[in-house]
Amino acid sequence: MKLKSHFYLALALMAVAAIAAPMHLRAQAGTIKVGVLHSLSGTMAISETTLKDTILMMIEEQNKKGGLLGRKLEAVVVDPASDWPLFAEKASQLLVKDKVAVVFGCWTSVSRKSVLPVFEKNNGLLFYPVQYEGEESSKNVIYTGAAPNQQAIPAVDYLMKEGVKRWVLEGTDYVYPRTTNKILEAYLLSKGVAAADISINYTPFGHSDWQTRVAAIKRFGSAGKKTAVVSTINGDANVPFYKELGNQKVSAEDIPVVAFSVGEEELSGLDAKPLVGHLAAWNYFQSISTPANAAFIKQWKAYIKKPNRTTNDPMEAHYIGFNLWVKAVEKAQSTDVEKVLAALPGLSTPNLTGGTATMLANHHITKPVYIGEVRADGQFNVVFKTPVVPGDAWSDFLPGSKDSEADWVKLKCGNYNTKTKVCSGQNYK
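Residues numbered from 1 in each chain as written. Predicted model: local features only at pLDDT ≥ 70, side-chain atom pairs only at ≥ 80, totals over all residues. Heavy atoms only, no water.

Explanation requested: the environment of Asn-362 in the structure shown.
Within the secondary structure, Asn-362 sits in the loop between β12 (356-358) and β13 (366-367). When the C-alpha positions of Asn-362 and Lys-412 are compared, they lie 9.3 Å apart, and in sequence the two are 50 residues distant. The residues contacting Asn-362, other than those within four sequence positions of it, are Ser-137, Gly-391, Asp-392, Ala-393, Ala-406 and Trp-408. (Helix = DSSP H or I, 4+ residues; strand = E, 2+ residues; numbered from the N terminus. Contact = heavy atoms within 4.5 Å.)

Laid out in structure tokens, this is it:
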């Protein structure tokens, strides 16, 4: 009888101890799930697979440091396969079924637009790492890629200083190129460029037959005025585009191309020699020499075990975004989305180019802008750099946007009209 009473006493003491244990110790039993939402197949796999690998590398490194809040991080990887409706389905799976604390993902704006209602409905948190067209600020999205004022506008300014007078705005047919080119067209017209000196064209995703289009670009550039191509071509269509430029001997001296979606990863599949001198506008290049970048490249090559794999700008954006999320979780002492969102604005973390990135109230970050010339080895020589530029969610050059402001701290609104004092977008209730 005494033995039996001792048994029940021990059980009771164990139950009391479990209840009394500090919350952070009890939480160690579970992992913190991190969603990875990048295309691993289809037309965008050429760009997005590397971003999946980047997040897996960051998770591995964080777990070596002991995880987060005493818990290990667990990656939940899905493949939306360059299929925009499937992005929404996979986002819902991550948030509702897998119950991830955060998602790092998307490349194209159409994929981001596809998942946006899912994140807002389920109060999820998405870190989006790629340059985009602006005209958006969601409570549930952190935009670590460049807004137009952090890439497109500085690129055009640089080309203007180089004497460019005629402009080909060449893009893939979806929201990012169309909206970016709408902003650029308005900006060029405001700078006195004649409408006849602006040519705008779109081709489908995966477009491969560039012979006719490159010939048309050559004709447009033969009017006696210095001409440049501003390229918002996305995904694997870039490979045949650049090959055709080489085939038709369109050199950077004749008609320079400045690209917003071509970096080291895309050039690694090309013979870069015919493209020497063509340009790209980013906020990071692998060739930038800083201790932080050297350490990141070394870490990447050791992780990926392929010495020829390059680094690129969206990888740095994920590096920045992941580290900001970790800092916010540590500050909030929670992975709860509301608490993390409250902790993020004002946080800073080192970038890879020798400065820091700061999270702004509009859910964008600060970035320097670099213009790089293609080298024969597929890397870039930096020819132009700006000081740090704060990301602007709403363009100053579009009539419907110039009076809009995003501020999730004071105004608690993603689209606040400074003249009417009305929030017409998503807002905190």
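Would you mind going over the sheet that holds strand β17 (residues 404-407) with me for this structure?
Strand-to-strand pairing in sheets goes through backbone hydrogen bonds, with the strands running parallel or antiparallel. Here we have three strands laid out as an open sheet, ordered β17-β18-β19, and antiparallel in their pairing. Among the strands making up the open sheet, the edge pair consists of β17 and β19 (422-423). Sheet analysis places β17 next to strand β18 (residues 413-417), joined by three bridges and oriented antiparallel. Bridging from a neighbouring strand, Glu-405 pairs with Tyr-416 of β18. (Pairing = 2+ DSSP bridges.)

I tried to follow helix α3 (residues 45-64) on my own but got confused; where do I start?
It helps to recall that an α-helix has 3.6 residues per turn; residues three or four apart then point in one direction. For α3, built from 20 residues, the straight-helix expectation of 28 Å at 1.5 Å per residue is met to within 8% by its first-to-last C-alpha distance of 28 Å. In terms of residue burial, α3 counts as a mostly covered element, since 14 of its 20 residues are buried. Looking at the residues trailing α3, positive phi occurs at Gly-66, about 110°. (Expected span 1.5 Å × (residues − 1). Buried < 20%, exposed > 50% of the residue type's maximum accessible area, 1.4 Å probe, protein only.)

Looking at this model, I keep getting lost on the environment of Val-193. Mind explaining?
Among the secondary structure elements, Val-193 is positioned in the loop between α7 (175-190) and β7 (198-203). Separated by 27 residues in sequence, Val-193 and Arg-166 place their C-alpha atoms 7.9 Å apart. The contacts of Val-193, once residues within four sequence positions are left out, are Met-160, Lys-165, Trp-167, Leu-188 and Ile-198.

What exactly am I supposed to notice about the environment of Leu-40 here?
Here Leu-40 shows up in the loop between β1 (32-37) and α3. A residue is classified by how much of its surface remains accessible, and Leu-40, at 30% relative accessible area, is partly exposed. Through-space distance from the C-alpha of Leu-40 to that of Pro-80 is 7.5 Å; in sequence the pair is 40 residues apart.

What is the right way to look at the side chain of Thr-50 in this model?
Considering the arrangement of structural elements, one finds Thr-50 in helix α3. With relative accessibility at 1%, the residue Thr-50 sits in the buried group. A polar contact of 3.0 Å, which involves the side chain of Thr-50, links it to the side chain of Glu-265. (Polar contact = N/O pair within 3.5 Å; in protein donor to acceptor, adjacent residues only side chain to side chain.)

I'm lost on the state of the cysteines in this one. Help?
Each disulfide consists of a covalent bond between the sulfur atoms of two cysteine residues. Enumeration according to the criterion identifies one disulfide in this entry. The disulfide partner of Cys-413 is Cys-423, and the S-S distance across this bridge is 2.1 Å. Sign of the S-S torsion, about 95° for the bond between Cys-413 and Cys-423, identifies this disulfide as right-handed. With Cys-413 in strand β18 and Cys-423 in strand β19, the pair connects residues that are ten residues apart, well separated along the chain. Exposure remark for Cys-413: the relative accessible area of 1% places this residue in the buried category. (Disulfide = S-S within 2.5 Å.)

Is there a simple way to explain the pairing of strand β8 (residues 227-232) in this structure?
Regular strands have side chains that alternate between both faces of the sheet. Among the six residues of β8, six are classified as buried, and the element is accordingly described as predominantly covered. Because side chains alternate across β8, one face comprises the buried residues Thr-227, Val-229 and Ser-231, and the other comprises Ala-228, Val-230 and Thr-232, equally buried. The pairing of strand β6 (residues 166-172) with β8 spans six bridges and is parallel. Along β8, the bridge assignment pairs Leu-169 with Val-230.

Where do I start with the pairing of strand β2 (residues 73-78) in this structure?
As defined by bridge partners, β1 adjoins β2 across six bridges and the pair is classed as parallel. Counterpart to Ile-32 in the pairing with β2 is Leu-73. One crossover worth recording links β1 to the parallel β2 by way of α3, and it is right-handed. (Right-handed = clockwise from strand over helix to strand, strands pointing away.)

Help me understand the domain arrangement of the protein, please; the structure alone is not making it clear to me.
Note: interface size is frequently given as the accessible area lost on complex formation between the parts. The domain architecture assigned to the protein consists of domain 1 (21-146 + 311-367) and domain 2 (149-287 + 369-390). Of note, the centres of domain 1 and domain 2, computed from C-alpha atoms alone, are 29 Å apart. Each side of the interface is counted separately: domain 1 has 28 residues, and domain 2 has 29 residues. With both sides pooled, the region where domain 1 packs onto domain 2 buries about 2500 Å², and carbon together with sulfur makes up 59% of that total. At the junction of domain 1 with domain 2, the criterion picks out zero salt bridges. Seen at the junction of domain 1 and domain 2, the total is twelve residue pairs in polar contact (both at pLDDT 80 or more). Within the side of domain 1 that touches domain 2, the residues separate by chemical class into eleven nonpolar, eleven polar and six charged. (Domains from an automatic or database assignment. Buried area = accessible area lost by both parts, 1.4 Å probe. Salt bridge = Lys/Arg side-chain N within 4 Å of Asp/Glu carboxyl O. Nonpolar A, V, L, I, M, F, W, Y, C, P; charged D, E, K, R; others polar.)

Just to check I follow, could you spell out the packing of helix α4 (residues 84-97) against helix α5 (residues 109-121) for this structure?
Helix-helix packing is described using two parameters, namely the angle between the two axes and the distance between the axes. Closest axis-to-axis distance for the α4/α5 pair is 8 Å, and the angle between their directions is 35°. Relative to α5, the crossing made by α4 is right-handed. Between α4 and α5, the contacting residues are Trp-84, Pro-85, Phe-87, Ala-88, Ala-91, Ser-92 and Leu-95 on the first element and Val-110, Ser-111, Ser-114, Val-115, Val-118 and Phe-119 on the second. Each residue belonging to the contact of α4 with α5 can be placed in one class, and the counts come to ten nonpolar, three polar and no charged. (Axes fitted to C-alpha atoms, helices over the stretch in contact; angles between N-to-C directions. Left-handed = near helix turned anticlockwise from the far one by under 90°.)

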